[in-house]
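# Breakdown of the fold
Each chain is listed here by its residues.
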Amino acid sequence: MATTFDMVQTEAAQAKRPLRVTAPVLALSAMALGLGATAIAGLLRVTAAGVALGGLAALLTGLVLVFAQRHLRADPRRLAHARLATGLAFATVLVGLAENVVLLAAGWIAAGRLMTGLVRHAGDWAEARAAAARAGTAFLIGDIALVGALVTLAVSAKSASIAAIAAAVPTLSPLALTLAAVLLVIAAAARCATPPFSSWLLSSIAAPTPVSALMHAGFVNAGGFLVIHFAPVLEAVPAARFALLAIGVTGALYGSALMLVRADVKGALAASTVAQMGFMLLTCALGGYAAALWHMVAHGAFKAWLFLGASGAIRRSAAGAGDKALPAPVPALIALAALGAGALIMETAIAQTTLLPLGLAATALLVALAMAARGLRFETARITLLALPALLVAVNAAALALMEAVQANAAVPLLPTWAQLALLSLFLAGWLVQQDLAAGRRRLPAGLHARLLHAGALPTPAN
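### Points about the overall build of the protein
Each helix and strand counted, the protein has 21 helices and zero strands in total. In the protein, which comprises 463 residues, the share counted as buried stands at 48%. Approximately 21,300 Å² of the protein is accessible, and the part contributed by carbon and sulfur atoms is 70%.

See below:
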């Protein structure tokens with residue numbers, strides 16, 4: 001047993017140990033100095049999207065660090081995790097508030113490098129190293145695309161100011177605008193982990209739970225911010241918006257399919273993020289920037305909470321409370337209700353850019369209501385069924401109204417309302433098939449099931 005003298009000697013030896021200046025310390029110091037210097041130099045710009053991104057990063061990072069104090073209390077790398085997480089928050093805030101393309105690129109690239117370090121947290125584990133390498137490759141592609149887009153815009157506009165670039169869009173050459181818009185779409189897709197970049201997010205579950213939560217603190221959803229921030233560029237190139245729409249639709253359907261076969265809680269949550277990022281990007285492509293901004297904030301906060309409560313989800317699943325399917329004919333009734341509501345608002349102004357996301361949001365609210373009602377006793381269900389829908393609708397309507405007051409939508413919708421209604425029908429049909437598969441009324445082909453199950457799987461290390 002150690003004596004008091006031994007403890008004093010150990011503490012004295014530790015006190016004499018020289019302070020090591022590690023990479024996380026340097027990154028944190030650089031970001032802190034950078035934010036201070038840019039604020040003094042007037043190189044920061046306050047926008048609704050930037051405040052939403054930076055606020056989300058600051059709030060969720062603080063909560064995750066509190067959670068990690070206990071979750072990683074026996075981990076010798078817990079201090080490195082805290083420094084990397086704090087640096088990531090600084091970098092994300094810089095991305096949100098930067099008025100200069102150089103600062104935006106610096107914050108974006110730094111965030112990717114810091115997230116790679118977080119994914120590699122358990123560096124002595126081969127899977128963590130492989131996941132970090134995969135994430136680093138995806139981030140590098142996105143970084144190169146973003147830098148290419150920013151250089152093209154800055155040279156064409158003869159200014160590094162983001163505001164000046166936005167004002168100069170009508171005078172820029174079509175070739176420069178097309179190149180920049182396509183590169184911005186690639187950068188957004190890489191950061192949002194939509195196909196073909198989904199594997200980095202699916203394999204990142206090798207990282208500790210706090211890291212998975214931090215990804216939703218303005219990192220994986222930063223692609224939506226990027227599209228909104230450079231909306232004038234994409235609106236000048238309809239082909240790029242159609243490409244973004246295709247990426248969003250593919251990501252939403254792909255992520256939804258992955259959720260069907262992933263039995264592990266973190267894997268299912270990661271697949272859900274792929275789907276939700278697809279929904280966010282397709283909303284941006286349609287021009288519903290206010291709805292996309294609210295989606296970014298709401299999904300980021302909600303998914304971070306789900307990751308932090310993943311252990312509770314395991315207990316609930318073991319207790320038999322994890323059934324994903326609603327009893328027939330409830331899914332069909334929900335789909336009909338969502339389509340009917342979409343048809344009723346087709347001629348309204350709000351539907352021009354947001355009919356599809358509003359229809360999907362209504363479906364999600366009705367599903368949440370039906371799932372919650374399943375476990376209620378009859379005498380309490382009647383009151384809840386009356387109060388819960390009104391509360392959910394009121395909260396989302398108020399949030400969307402607030403976002404629309406501070407964030408304008410696209411001046412020209414990408415698709416007419418009838419085309420958005422057709423896309424809504426496609427998604428609802430896919431959801432009905434998903435419900436049948438979850439309930440066991442249908443089965444995926446064995447080959448497709450295996451491919452989805454192993455999507456994002458890391459290579460098995462050689463013995």
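Don't stop here, the text continues.
### So, helix 14 (residues 265-286)
Quick reminder: α-helices carry 3.6 residues per turn. Residues three or four places apart thus point the same way. End to end, helix 14 covers 32 Å across 22 residues, agreeing with the expected 32 Å (1.5 Å per residue, within 8%). Burial runs high along helix 14: 20 of the 22 residues are buried. N-cap assignment for helix 14: the residue whose side-chain oxygen lies 2.9 Å from the backbone N of Gly267 is Asp264. At the exit of helix 14 stands Gly287, carrying a positive phi of roughly 100°.

### Section: the pattern of salt bridges
Under the counting rule described, the total for this entry stands at five salt bridges. Note that Asp143 is salt-bridged to Arg113, the shortest N-O span being 3.5 Å. In this pair, Asp143 sits in helix 6 (residues 126-157) while Arg113 sits in helix 5 (residues 101-119), placing the two residues 30 residues apart along the sequence. Given the relative accessible area of 5%, Asp143 is considered buried. Notably, a salt bridge pairs Asp436 with Arg441, separated by 2.9 Å at the nearest N-O pair. One continuous salt-bridge network, built from bridges that share partners, spans Arg113, Asp143 and Arg191.

### Thoughts on the packing of aromatic side chains
Counted according to the given criterion, the structure contains five aromatic pairs. Relative to Trp305, the ring of Phe302 has its centre 5.6 Å away and its plane inclined at 35°; by these criteria the two rings are tilted. Of this pair, Phe302 and Trp305 both sit in helix 15 (residues 289-308), three residues apart, which is roughly one turn of that helix. Residue Phe302 is classed as partly exposed on the basis of its relative accessible area of 45%. The class for Trp305 is exposed, based on a relative accessible area of 57%. Ring pairing ties together the aromatic residues Phe139, Trp200 and Phe219, which thus form one cluster. We note Arg191 situated over the ring of Trp108; from NZ or CZ to the ring centre the distance is 4.1 Å. The ring of Phe139 is capped by Arg191, whose NZ or CZ atom sits 5.6 Å from the centre of that ring.

### Things to note about empty space enclosed by the protein
All chains considered together, the criterion is met by one cavity of 30 Å³ or more. Approximately 40 Å³ is the volume found for the largest cavity. Around the largest cavity, the lining residues are Leu53, Thr92, Val95, Trp108, Ala111, Arg191, Gly218, Phe219 and Ala222. Sorting the residues of the lining of the largest cavity by element identifies helix 4 (78-97) and helix 5 as the ones contributing at least two each. The class makeup of the residues in the lining of the largest cavity is six nonpolar, two polar and one charged.

The rules behind the values
Residues numbered from 1 in each chain as written. Predicted model: local features only at pLDDT ≥ 70, side-chain atom pairs only at ≥ 80, totals over all residues. Heavy atoms only, no water. Helix = DSSP H or I, 4+ residues; strand = E, 2+ residues; numbered from the N terminus. Buried < 20%, exposed > 50% of the residue type's maximum accessible area, 1.4 Å probe, protein only. Areas by Shrake-Rupley, 256 points an atom, 1.4 Å probe, with all protein chains shown as cover. Expected span 1.5 Å × (residues − 1). Polar contact = N/O pair within 3.5 Å; in protein donor to acceptor, adjacent residues only side chain to side chain. Salt bridge = Lys/Arg side-chain N within 4 Å of Asp/Glu carboxyl O. Phe/Tyr/Trp six-rings, centres within 6.5 Å; stacked < 30°, edge-to-face > 60°. Lys NZ or Arg CZ within 6 Å of the ring centre and 35° of its normal. 1 Å grid on protein atoms, 1.4 Å probe; cavity = no way out; pocket = protein on both sides within 12 Å on 5 of 7 lines; lining within 4 Å. Points joined across faces, edges and corners; volume = space filled by probe spheres on them. Nonpolar A, V, L, I, M, F, W, Y, C, P; charged D, E, K, R; others polar.

Keep in mind these numbers describe shape, not what the thing actually does.
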